[in-house]
Amino acid sequence: MQTSRSPRMPDSLADRIRPLTTKLVAHRRGSTVWHCTTQTGERAVKIGYPIKATDEWPAQEWTALAPAREAWVLLDLRHNVSHGEWDLGTWNVQPWHRGMSLYEIWESHRVNGSLPGTREILACCEALDRMHEAGWVHGDVQPAHFIIGAAHIRRAALIDTALAQGRPVPEKFDFPYRGCLVHYEAPEISESVLSVGRAEPTKASDVYALGASLLMALTGKRHVAYPNDASRPEQRRAIVTSRHRPVTVPGAMGRLIRAMLQREPDDRPSVRDVAVEVASWDT
C-alpha cells in the first residue's frame, strides 16, 4: 500500500472519519500524516507501519506502534484523540494545531542574525512545562515539534509525543526508548543508546534538547558538529566525546542556551527556571 509517491489512507480509517478534505503532510520512515477536515473540525491523522531493513537502516517494528502509543500519551494529557489498528500497524486521529513551527517562525533571524523576542521561547517553555507537570518527559524535543499559534496568541503546542516517557502505556503498544533525532540528543542519552541500545529520557535531557532547538532555530547549526553523512552511531559518538559547538548567540540569550547545554544534567536549569529567566528580560 505504502509508496513514496502515493501514500493512501487505509479504507477502514477513511470510512471511520469520513474526511471532507485530505492533505498529505508527511510521509517518512514508518509514518504517514494527513491534515484532514471532518464534520467535527480539523484533524491530524497518522498511520504507522514497520520499517524493513535496508543497507543503511536496520528493521524497526516499533514505528507501527507509535501512533497508538502517542494516542495514549495524549489521552493522559486530556486531549481528544482516537486510535486503532490496521493491517500494518496502528493509527490515531488527533486535533490539528494551526500555526508555524519554531524553526519556521525564526527563519528571518537565521538570515539576518537578529535576536527574537521572548514570546516564542516562553510559549515553548510553557508547553514543555505542562508535560513535565503532568508526569511526562517528551523525549523528542525539536524546533519542528513546537507549533506556535497566531502572533497575538503565541501559545505553543508540543506535538509528536510517541516517545514520551513517565506514565503507564498499555504493554501491547509500548516499546523501549532508543533515543531521538540526534541533532537534539543530550550526551547522556547518546551514551546510553551506544552502550545498551536504549535510554531513559529525563526532564534534564528535555531541557538540553530545548537548548539545542533554540540554537538550531536561531543559527541553523547543530549543537555538536559532525559530518552530514555520518551514521547514527558516529553522530552519537561525536556527542559523547565532543563539547557542544561554541554558542555565538550574544547576550543573555546566549548565556541561557549555554546553561541549557551543560554536559552534566544536574547543572542544567529546569524548564521553569528557563521561563523565569526569559520573562525577566522584558522587565
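All residue numbers refer to position in the chain's written sequence, counted from 1. Only residues with pLDDT of at least 70 are given local features in this predicted model, and only at 80 or more are side-chain atom pairs given and counted; all residues enter the totals for whole chains, interfaces and linings. Side-chain metrics rest on all non-hydrogen atoms present in the structure, leaving aside hydrogens and water.

A.B. asks: Sorry, what's going on with the packing of aromatic side chains here?
C.D. replies: Aromatic ring pairs: the centre-centre distance and the angle between the two ring planes describe each pair. Pairing of aromatic rings covers Phe, Tyr and the six-membered ring of Trp, with a centre-to-centre limit of 6.5 Å; geometry is then stacked below 30 degrees between planes, edge-to-face above 60, and tilted otherwise. Taken as a whole, this structure holds one aromatic pair when the rule is applied. Ring centres of Trp62 and Phe175 lie 5.1 Å apart, and the angle between their planes is 40°; this geometry places the pair in the tilted category. Residue Trp62 is located in the loop between strand 3 (41-48) and helix 2 (66-76), and its partner Phe175 is located in the loop between strand 8 (156-158) and helix 6 (187-196); the two are separated by 113 residues in the primary sequence. Note on geometry: a ring has a charge over it if NZ (lysine) or CZ (arginine) is within 6 Å of the ring centre and within 35 degrees of the ring normal. Sitting over the face of the ring of Phe175, Arg69 holds its NZ or CZ atom 5.4 Å from the ring centroid. The cationic tip of Arg110 hangs over the ring face of Tyr103; the distance from NZ or CZ to the ring centre is 3.5 Å. Each helix is a run of H or I in the DSSP string that is no shorter than four residues. Each strand is a run of E no shorter than two, and both are numbered from the N terminus.

A.B. asks: In this structure, what is going on with the environment of Thr21? I would like to understand it.
C.D. replies: Structurally, Thr21 is set in strand 1 (residues 21-28). The contacts of Thr21, once residues within four sequence positions are left out, are His35, Cys36 and Thr37. Looking at Thr21, its side chain comes within polar contact range of the side chain of Thr37, at 2.4 Å. Contacts are residue-level and defined by heavy atoms, with any inter-residue pair within 4.5 Å sufficient. Between N or O atoms, a polar contact is any pair within 3.5 Å; within protein, one atom must be a potential hydrogen donor and the other a potential acceptor, and residues adjacent in sequence are included only when both atoms are from side chains.

A.B. asks: Help me out: how do you make sense of the pairing of strand 2 (residues 31-38) in this one?
C.D. replies: Sheet faces and side chains relate simply in a regular strand, where the side chains alternate between the two faces. The buried fraction of strand 2 is high, at seven of eight residues. Bridging between strand 1 and strand 2 involves seven bridges; their strand directions are antiparallel. For Ala26, the partnering residue across the bridge sits in strand 2 and is Val33. Between strand 1 and strand 2, which pair antiparallel in sequence order, lie two residues; one of them, Gly30, sits at a positive phi of approximately 85°. A pair of strands is considered paired only if DSSP assigns at least 2 bridges between the two. Where strand 2 lies against strand 3, eight bridges are found, and the strand directions are antiparallel. What sits directly across from Thr32, in strand 3, is Ile47. From the end of strand 2 to the start of strand 3, which pair antiparallel, there are two residues. Under the scheme applied here, a residue whose accessible area is under 20% of the maximum for its type counts as buried, over 50% as exposed, and between as partly exposed, the area being computed with a 1.4 Å probe on protein chains only.

A.B. asks: Any chance you could explain unusual backbone geometry here in plain terms?
C.D. replies: Most peptide bonds take the trans configuration, and most residues that are not glycine carry a negative phi. Not every positive phi belongs to a glycine, and Arg18 is a case in point at roughly 45°. For Arg18, the position within the fold is in the loop between helix 1 (11-17) and strand 1. Of the residues examined, Arg18 reaches a relative accessible area of 62% and is grouped as exposed. A positive phi angle, close to 70°, is found at Arg78, a residue other than glycine. As for its placement among the helices and strands, Arg78 is situated in the loop between helix 2 and strand 4 (82-86).

A.B. asks: Help me out: how do you make sense of the pattern of salt bridges in this one?
C.D. replies: The term salt bridge refers to a side-chain nitrogen of Lys or Arg lying within 4 Å of a carboxyl oxygen of Asp or Glu. Overall, the coordinates contain twelve salt bridges when judged by the stated rule. In this structure, Glu70 and Lys46 form a salt bridge, with 3.1 Å as the shortest nitrogen-oxygen distance. With Glu70 in helix 2 and Lys46 in strand 3, the pair connects residues that are 24 residues apart, well separated along the chain. Judged by its relative accessible area of 2%, Glu70 falls in the buried class. Here Arg268 and Glu188 are joined by a salt bridge, their closest N and O atoms 2.8 Å apart. Residue Arg268 is located in the loop between helix 9 (251-260) and helix 10 (271-280), and its partner Glu188 is located in helix 6; the two are separated by 80 residues in the primary sequence. By relative accessible area, Arg268 is classed as buried at 8%.

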